[in-house]
Amino acid sequence: MSRQIIDCRRLLCPMPVIKVQNAIEGLPGGSQVEAVCTDPGALKDIPAWSRINGHRVVEAATRDGEYIVVVEVVEDSAS
Amino acid sequence: MSEQRKAAALISGGLDSLLAARVMQQQGIHVEGINFYTGFCVEGHTHAIRRRDQKKDKRNNALWVAEQLGIKLHIIDIVEDYKQVLINPRYGYGANLNPCLDCKIFMVHKAYEWIQARGFDFIVTGEVIGQRPMSQRKETMPIVSDESGAHDLLLRPLCAKNLPLTRPEREGWVDREGLYDFSGRSRKPQMALAARFGIEDYAQPAGGCCFLTDEQYAVKLQDLWRARGNKEYEIDDIMLLKVGRHLRPASHYKVIIAREEGEANFMQGYRRLYPSMTTVSHGGPFALIDGDVDDPEIELIARVVARYSQGRSAEQVELSFSDKSGRSRSLKVKPMAAHEIPKEWLI
Ligand code: SF4
């Protein structure tokens with residue numbers, strides 16, 4: 001399964017959300033996008049964006065002071 | 001069965017756009033939200049930066065509103081394009097540096113491009129006649145519709161009954177009878193409608209949706225423009241205007257001093273973009289220097305930063321200065337006394 005890593009370090013919300021959204025646009029269902037963030041708000045905002053746009057969060061964690069959110073694209077929701 | 005029409009609603013995160021979108025849903029319209037990010041949006045930034053705010057539950061209001069409505073939300077980065085709006089607003093600024101009317105025209109124009117690209121039928125905003133002195137007046141409503149290019153594809157459900165018919169109404173996509181005639185500054189009609197929809201929890205933006213309406217922020221931005229001799233800015237500039245204490249000892253440089261740990265952490269991320277300074281012998285703030293400085297100026301900055309450290313009354317404070325490449329050197333200085341820092345330096 002393809003997983004794209006996007007560097008959202010130093011970006012403040014909603015920029016990490018925008019980066020995830022733009023990365024997902026055009027990706028086939030099942031692909032994953034991993035956002036590496038330093039704004040803790042990303043742990044809430046990326047899952048919220050994913051919920052309302054019908055994608056699936058497979059991981060949201062804090063690692064070495066960074067916040068990692070992995071979103072899986074759900075085909076029918078891509079827009 | 002008639003085709004389901006699709007509307008893009010401008011979602012700011014406030015109550016008005018929430019209600020406007022809700023009214024459309026009630027009429028069977030498929031609604032998706034658009035939220036624009038200019039770089040000046042208040043949304044969560046200070047919470048993310050300032051440690052003392054971090055305990056408060058931070059939420060992105062636009063996302064939250066979309067979730068309440070059960071609609072998709074598309075957040076659009078307009079940081080680059082927005083510069084032209086802010087630098088050169090045709091209709092000027094509001095009370096501070098907020099170019100609200102130009103901003104509205106621009107956002108509706110962007111939304112118009114968006115609906116054309118996606119096959120949506122019309123645009124919805126939460127505007128109310130007379131709600132805001134600059135951008136939401138009877139005279140400005142047609143200006144926004146026409147100059148954005150959206151013309152009669154722009155529908156304001158909360159005050160549509162006070163405005164000429166739009167295409168969605170003419171074509172019967174929406175029922176004008178189910179729209180509203182709100183006007184004036186009062187928030188009561190909106191609150192009553194919210195109650196009718198069972199919406200209890202919503203954001204109450206004080207001045208507006210962005211930092212440009214904030215007086216302190218506008219003063220700092222104006223200072224930046226004056227010092228540079230033009231109104232250009234980069235996203236890093238406008239982010240840093242939100243943090244720290246800003247002092248400008250001379251026109252060609254300023255010092256940004258963190259006020260607490262959260263700000264210091266955030267500012268550390270800029271160490272490779274700006275020269276920086278921090279205290280070594282005493283607990284003290286982290287500082288960034290915006291501008292090119294020579295040795296005597298570095299010493300002066302060290303004395304200022306020492307003034308804001310725990311060594312402010314010591315004979316000598318040791319600091320470390322680092323340039324953008326990360327090379328650092330140590331300095332030992334006598335902290336400035338409070339009265340030695342001219343008031344004019346503080347931005
Ligand atoms: S407050 Fe800011 S975002 Fe809102 S209309 Fe005015 S300039 Fe635009």
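Along every chain, residues carry numbers that run from 1 in the direction the sequence is written. Labels are handed out in written order, letters beginning with A for the chains and numbers beginning with 1 for the ligands. Where local features are concerned, this predicted model is filtered to residues with pLDDT of at least 70; where side-chain atom pairs are given and counted, the filter is 80 or more; whole-chain, interface and lining totals use all residues. Only hydrogens and water are removed before side-chain values are computed, so all heavy atoms of the structure are retained for them.

**Here we look at the confidence of the model for chain B**
Considering every residue of chain B, the mean pLDDT works out to 91; 94% of them sit at 70 or more. Prediction confidence for the complex, expressed as pTM and ipTM, is 0.90 and 0.91 respectively. Note on scores: pLDDT gives the predictor's confidence for each residue, bounded by 0 and 100.

**Side note on the interface of chain B and chain A**
We call two residues contacting when some pair of their heavy atoms lies within 4.5 Å. Each partner contributes residues to the interface: chain B has 25 residues there, and chain A has 21 residues. Taken over both partners, the interface formed by chain B and chain A buries close to 2,000 Å², and the fraction arising from carbon and sulfur atoms is 57%. One salt bridge connects Glu67(B) with Arg51(A), and the closest N-O pair in it is separated by 2.4 Å. Think of a polar contact as two N or O atoms within 3.5 Å of one another; within protein, one of them needs to be a possible hydrogen donor and the other a possible acceptor, and neighboring residues in sequence only count if both atoms come from side chains. Run the count over chain B and chain A and you get five residue pairs in polar contact (both at pLDDT 80 or more). Numbering of helices and strands starts at the N terminus; helices are DSSP runs of H or I of at least 4 residues and strands are runs of E of at least 2. At the level of secondary structure, the elements contributing two or more residues to the side of chain B that touches chain A comprise helix H2 (45-49), helix H3 (61-69) and strand S3 (73-77) of chain B. Take the side of chain B that touches chain A: its biggest share by element is five residues, from S3(B). The residue makeup of the side of chain B that touches chain A, split by class, is 13 nonpolar, five polar and seven charged. Note on definitions: buried area is the accessible-area loss of two parts on being combined, 1.4 Å probe, summed for both. Salt bridge, as applied in this entry: a Lys or Arg side-chain nitrogen positioned within 4 Å of an Asp or Glu carboxyl oxygen. Under this grouping Gly is polar, as are all residues other than the nonpolar Ala, Val, Leu, Ile, Met, Phe, Trp, Tyr, Cys and Pro and the charged Asp, Glu, Lys and Arg.

**Describing the site of the ligand**
In the vicinity of the ligand, the residues found are Tyr82(B), Pro99(B), Cys100(B), Cys103(B), Cys209(B), Cys210(B) and Thr213(B). By residue class, the composition of the shell around the ligand is six nonpolar, one polar and no charged. Distances are taken per atom, and a residue is near a molecule or strand as soon as one of its heavy atoms is within 4 Å of it.

**As for the packing of helix H1 (residues 15-24) of chain A against helix H2 (residues 42-52) of chain A**
All names here are of chain A. Helix axes are fitted to C-alpha atoms over the stretch in contact, other axes to C-alpha atoms as well, and angles between N-to-C directions run from 0 to 180 degrees. Closest axis-to-axis distance for the H1/H2 pair is 9 Å, and the angle between their directions is 35°. Considering the relative orientation of H1 and H2, their crossing is right-handed. Residues Pro16, Val17, Val20, Gln21 and Ile24 of H1 lie in contact with H2, whose contacting residues are Ala42, Asp45, Ile46 and Trp49. Within the contact of H1 with H2, the residues separate by chemical class into seven nonpolar, one polar and one charged. For any helix crossing, the convention is left-handed if the near helix is rotated counterclockwise from the far helix by under a right angle, and right-handed if that rotation is clockwise.

**Things to note about unusual backbone geometry**
Residue and element names in this part refer to chain A. In this chain, Cys13 is followed by Pro14 through a cis amide linkage whose omega measures 10°. Secondary-structure assignment places Pro14 in the loop between strand S1 (3-8) and H1. If you check the backbone angles, Arg10 has positive phi at about 70° while not being a glycine. Relative to the helices and strands, Arg10 is located in the loop between S1 and H1. For Asp64, which is not a glycine, the phi torsion comes out positive at approximately 50°. With respect to the helices and strands, the residue Asp64 is situated in the loop between strand S3 (56-63) and strand S4 (66-72). With relative accessibility at 79%, the residue Asp64 sits in the exposed group. Buried means the residue's accessible area, taken with a 1.4 Å probe over protein chains only, is under 20% of the maximum for its type, while exposed means over 50%, and partly exposed covers the values in between.

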